[in-house]
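The lines below spell out each chain.
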Amino acid sequence: MSRCRCSDISNTENKIRKLESACGIMSGYSGVKGRLDAGISQWSGRAEQATVSNKVTSAKGTMTTLGDRMDNASSGITRKINAKLGELRSSLSSMRSEDHNYHEEERRRREAEEAAAALAAKNAIKW
């Protein structure tokens, strides 16, 4: 006989909501990175016009490299979140099926007990 999974289902649904929220935050990061890249290019272009220093190019390269590393880390985190979401959704589907079966078995058991009690009461009246 299966068991009630209502609590497990609720907990898993909460985890899924949190991870979906995290995915939203991570996708927002891409937009921020794009704006930062544009700002860095604009800043370095103006700085290069104002000075003849190699430090501007070096700083732009450093900031771009850092941004790329952050972007790679962000992509890795997003992949892990999506993988975990897939696992949780699969588990949730199994839990819902198991829970449905459990509650269906319980309903049938109660109906059988009620029918047996009704039959016993009917037979007791005949005596």
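Remember, predicted model here, so these are calculated numbers, not experimental data.

Caption draft 1: Structural detail: the overall build of the protein. Looking only at helices and strands, one finds two helices and zero strands in the protein. For the protein, with 127 residues in total, the buried portion stands at 19%. For the protein, restricting intrachain contacts to residue pairs at least 6 apart in sequence, the fraction spanning at least 24 positions comes to 82%. Summed over its atoms, the accessible surface of the protein is roughly 9200 Å², and 56% of this surface lies on carbon and sulfur atoms.

Caption draft 2: Region of the structure containing the pattern of salt bridges. For the structure on display, the rule yields eleven salt bridges. Its salt-bridge partner being R5, residue D8 comes within 2.7 Å of it at the nearest N-O pair. Ionic pairing is found between E104 and R108, a salt bridge with its closest N-O pair at 3.8 Å. Of this pair, E104 and R108 both sit in helix α2 (residues 54-126), four residues apart, which is roughly one turn of the helix. Classification of E104 by relative accessible area gives partly exposed; the value is 22%. For R108, a relative accessible area of 49% translates into the label partly exposed. A single salt-bridge network, built from bridges that share partners, covers R3, R5, D8 and E98.

Caption draft 3: Examining the nonpolar core more closely. With nine residues, the main nonpolar core is built from I9, I16, C23, M26, I81, L85, L88, L92 and M95. The set of elements that each furnish at least two residues to this core consists of α1 (6-50) and α2. Top element by residues in this core is α2. It accounts for five residues. Dropping the residues within four chain positions of it, L85 is found in contact with I16, L19, E20 and C23.

Caption draft 4: View of the environment of S97. As for its position among the elements, S97 is in helix α2. A relative accessible area of 40% places S97 in the partly exposed class. Separated by 95 residues in the primary sequence, S97 and S2 have C-alpha atoms spaced 10.0 Å apart.

Caption draft 5: Highlighting the state of the cysteines. With the rule as written, the count across this model stands at zero disulfides. Cysteine C4 shares no disulfide, and the gap to the nearest cysteine sulfur, in C6, comes to 3.6 Å. With relative accessibility at 33%, the residue C4 sits in the partly exposed group.

Conventions used here
Residues numbered from 1 in each chain as written. Predicted model: local features only at pLDDT ≥ 70, side-chain atom pairs only at ≥ 80, totals over all residues. Heavy atoms only, no water. Helix = DSSP H or I, 4+ residues; strand = E, 2+ residues; numbered from the N terminus. Buried < 20%, exposed > 50% of the residue type's maximum accessible area, 1.4 Å probe, protein only. Contact = heavy atoms within 4.5 Å. Areas by Shrake-Rupley, 256 points an atom, 1.4 Å probe, with all protein chains shown as cover. Salt bridge = Lys/Arg side-chain N within 4 Å of Asp/Glu carboxyl O. Core = buried A, V, L, I, M, F, W, Y, C linked by side-chain atoms within 4.5 Å. Disulfide = S-S within 2.5 Å.

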